[in-house]
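# Structural description and commentary
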Amino acid sequence: MIQIDSAKLSESLQKILRQYGDDVREVTRRMVKKSGNEARDQLKKVSPRRPKSNKHYADGWTVGDYTWSTLGAHVTVYNAKKPGLAHLLENGHANRNGGRTRAYVHIKPVEEEVIKTFEENVRRAIQYV
């Protein structure tokens with residue numbers, strides 16, 4: 001019969017859980033970076049373009065700061081070349097004559113797809129941690 005001291009068992013379990021938490025945190029950080037890059041690449045592909053333009057808006061998408069905290073990870077994807085245009089295109093805007101422009105919804109579908117893919121990738125990766 002094997003006897004285990006409860007204090008040692010508690011310490012061992014805490015160590016294992018701490019290591020597991022660190023591994024999950026690292027996987028999440030890698031997946032956040034990967035998802036930010038995927039979002040940027042998708043936005044460059046699906047952004048609206050004028051017929052005879054030089055893709056200035058579409059090429060402006062970039063990945064900003066990665067923020068790590070105890071609550072999770074965060075990445076910002078934004079348009080560096082035309083920062084105000086993203087909101088106007090996504091939601092439409094008022095015209096001078098009182099009408100509204102058409103909304104070119106292109107950010108929300110990419111965001112939803114990247115979030116879905118991120119969650120699947122994290123779940124899959126955590127299974128092997």
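Above this text is the structure in question.
Read on for an overview of the structure. (Residues numbered from 1 in each chain as written. Predicted model: local features only at pLDDT ≥ 70, side-chain atom pairs only at ≥ 80, totals over all residues. Heavy atoms only, no water.)

## Description of the overall build of the protein chain
Formally: Secondary structure is summarised from DSSP: a helix means a run of H or I of at least four residues, a strand means a run of E of at least two, and numbering begins at the N terminus for each. Atoms counted for the radius of gyration: C-alpha only. Globule rule: 2.2 Å times residue count to the power 0.38. Throughout, exposure labels follow a simple rule: accessible area from a 1.4 Å probe, protein chains only, divided by the maximum for the residue type, with under 20% read as buried, over 50% as exposed, and the rest as partly exposed. Per-residue and other accessible areas follow the Shrake-Rupley method at a 1.4 Å probe size, with only the shown protein chains counted as cover for residues. His is not counted here, nor are the chain ends, while Lys and Arg score as positive and Asp and Glu score as negative. Charged side chains are reduced to one point each, which is NZ for Lys, CZ for Arg, CG for Asp and CD for Glu.
When you go through the protein chain residue by residue, the secondary structure sums to three helices and two strands. What you see for the protein chain is a C-alpha radius of gyration of 22 Å, clearly larger than the 14 Å of a compact globule of 129 residues, by over 25%. Taking the principal axes of its C-alpha atoms as reference, the protein chain extends roughly 85 × 25 × 20 Å. Across the 129 residues in the protein chain, those meeting the buried criterion constitute 21%. Surface accessibility of the protein chain: about 9,800 Å² in total, with carbon and sulfur atoms responsible for 52%. One finds the centroid of the 24 positive side-chain charges in the protein chain at a distance of 10 Å from the centroid of its 15 negative side-chain charges.

## Here we look at helix α1 (residues 6–46)
Let me state the cut-off plainly: To estimate the expected span of a helix, count its residues, drop one, and scale the result by 1.5 Å. What makes two residues a contact is simply this: any of their non-hydrogen atoms within 4.5 Å.
For α1, with 41 residues, the first-to-last C-alpha span of 58 Å sits near the 60 Å given by 1.5 Å per residue. Buried within α1 we find Val24, Val27, Thr28, Met31, Val32, Ser35, Gly36, Ala39 and Leu43. Turning to α1, the residues buried within the fold contact β1 (61–69), β2 (72–79) and α3 (107–127).

## A look at the pattern of salt bridges
Put simply, the rule reads: When a carboxyl oxygen of Asp or Glu is within 4 Å of a side-chain nitrogen of Lys or Arg, the pair counts as a salt bridge.
Summed over the entire model, instances satisfying the criterion amount to three salt bridges. Ionic pairing is found between Asp22 and Arg25, a salt bridge with its closest N-O pair at 2.8 Å. Of the two residues, Asp22 and Arg25 both sit in helix α1, three residues apart, roughly one turn of that helix. The shortest N-O distance in the salt bridge between Asp41 and Arg40 comes to 3.1 Å.

## Thoughts on α3
Test applied: Along the arc lie the directions from the helix axis toward the C-beta atoms.
Over its 21 residues, α3 extends 31 Å from the first C-alpha to the last, a length consistent with the 30 Å expected when each residue adds 1.5 Å. Listing the buried residues of α3 in full gives Val110, Val114, Asn121, Val122 and Ala125. In an axial view of α3, the angular spread of the buried residues amounts to 100°, which keeps them on one side of the axis. Among the exposed residues of α3, those oriented more than 90 degrees off its buried face are Arg123 and Gln127. Close packing links the buried residues of α3 with α1.

## Describing the side chain of Glu90
Note the following rule: Two N or O atoms count as a polar contact when they lie within 3.5 Å, although within protein this holds only if one can serve as hydrogen donor and the other as acceptor, and sequence-adjacent residues are included solely when both atoms are side-chain atoms.
By the element assignment, Glu90 lies in helix α2 (residues 85–91). Of the polar contacts made by the side chain of Glu90, one reaches the backbone nitrogen of Lys108; its length is 3.1 Å. Ignoring sequence-local partners within four residues, the contact set of Glu90 consists of Ala103, Tyr104, Val105, His106, Ile107 and Lys108.

## Description of the pairing of β1
Convention followed: Here a strand pair is declared whenever DSSP counts at least two bridges between the two strands.
For β1 and β2, the ladder comprises seven bridges, and the chain directions are antiparallel. By the bridge assignment for β2, Trp61 is matched with Asn79. Between β1 and β2, which pair antiparallel in sequence order, lie two residues.

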